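Each chain is listed here by its residues.
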Amino acid sequence: NVYDAFYKLTDSRQQISSYIFDVVRATVPKLELDSVFLEKEEIAKGIKEELTKSMTGYGYMILHALVNDIEPAPKVKDAMNEINAARRQRVAALERAEAEKVAVVKAAEAEAEAK
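Computed from a prediction, not measured in an experiment: that's the story for all the values here.

Notes on the layout of surface pockets
For the largest pocket, the calculated volume is near 410 Å³. Taken together, 20 residues make up the lining of the largest pocket; nearest its centre are V24, V28, V67, D69 and I70. Contributions of two or more residues to the lining of the largest pocket are made by α2 (12-27), α3 (33-38) and α4 (40-55). Partitioned by chemical class, the residues of the lining of the largest pocket number 17 nonpolar, one polar and two charged. Shared between two domains, the lining of the largest pocket holds at least three residues of each, these being domain 1 (1-70) and domain 2 (72-114).

Quick notes on the confidence of the model for the protein chain
Looking at the protein chain, the pLDDT average stands at 84 and 92% of residues meet or exceed 70. Per-element averaging of pLDDT across the protein chain places helix α1 (residues 2-7) at the bottom with 62 and helix α5 (residues 74-114) at the top with 90.

A few points about the nonpolar core
If you look at soluble globular proteins, the nonpolar side chains tend to sit buried side by side. I16, V23, V36, I43, A44, I47, L51, M55, I62, A65, V67 and I70 together form the largest nonpolar core, which totals 12 residues. Those elements that provide at least two residues to this core are α2 and α4. The element best represented in this core is α4, accounting for five residues. The residues touching I62, leaving out its near neighbours within four places in the chain, are K48, L51 and T52.

Section: the environment of N84
Position of N84 relative to the elements: it lies in helix α5. Judged by relative accessible area, which is 32%, N84 ranks as partly exposed. Sequence separation between N84 and K53 is 31 residues, and the spatial gap between their C-alpha atoms is 40 Å.

Some points on the packing of α2 against α4
Relative orientation of the contacting elements α2 and α4 amounts to 135°, with a least axis distance of 9 Å. One way to sum up the angle between α2 and α4 is to call them oblique. As for the relative orientation of α2 and α4, their crossing is right-handed in sense. Seen from α2, the contacting residues are Q15, I16, Y19, I20, V23, V24 and T27; seen from α4, they are I43, G46, I47, E50, L51, S54 and M55. Classifying every residue of the contact of α2 with α4 by side-chain character gives nine nonpolar, four polar and one charged.

Details of the pattern of salt bridges
On inspection of all chains with the given rule, the structure shows five salt bridges. Two residues, R25 and D22, come together in a salt bridge whose shortest N-O distance is 2.8 Å. On the criterion of helical spacing, the pair formed by R25 and D22 is a turn pair, its members being three residues apart in helix α2. Owing to a relative accessible area of 42%, D22 belongs among the partly exposed residues under this scheme. We note a salt bridge from K45 to E42, for which the minimum N-O separation is 3.7 Å.

Each value, and the rule that gives it
- Residues numbered from 1 in each chain as written.
- Predicted model: local features only at pLDDT ≥ 70, side-chain atom pairs only at ≥ 80, totals over all residues.
- Heavy atoms only, no water.
- 1 Å grid on protein atoms, 1.4 Å probe; cavity = no way out; pocket = protein on both sides within 12 Å on 5 of 7 lines; lining within 4 Å.
- Points joined across faces, edges and corners; volume = space filled by probe spheres on them.
- Helix = DSSP H or I, 4+ residues; strand = E, 2+ residues; numbered from the N terminus.
- Nonpolar A, V, L, I, M, F, W, Y, C, P; charged D, E, K, R; others polar.
- Domains from an automatic or database assignment.
- pLDDT = per-residue confidence, 0-100.
- Core = buried A, V, L, I, M, F, W, Y, C linked by side-chain atoms within 4.5 Å.
- Buried < 20%, exposed > 50% of the residue type's maximum accessible area, 1.4 Å probe, protein only.
- Contact = heavy atoms within 4.5 Å.
- Axes fitted to C-alpha atoms, helices over the stretch in contact; angles between N-to-C directions.
- Parallel < 35°, antiparallel > 145°, perpendicular 65-115°, else oblique.
- Left-handed = near helix turned anticlockwise from the far one by under 90°.
- Salt bridge = Lys/Arg side-chain N within 4 Å of Asp/Glu carboxyl O.

What follows is the structure in structure tokens.
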């Protein structure tokens, strides 16, 4: 279908990009941000299926779609970093409290032994 690919499509790259963005815009909003990173393969599969359906008639054969970089907005990235930092601080606070508890118990046991 070289004739169709050359004469029916004015800009094949633009057409393919449009299909990719349509699939991404339809898929990503349904997922939570953390899930988007985990579901990269599913997003790629959806892109490949949509491109195969739409571009096969023009002679294109889509072998694989690769999703290799997910870049959230800077504010979203900052919020994710704050959430992770808060989570780690909470764990650190629990560990410090546990260490203090062990120290108090050991001190009490030493005092009891001394008496």
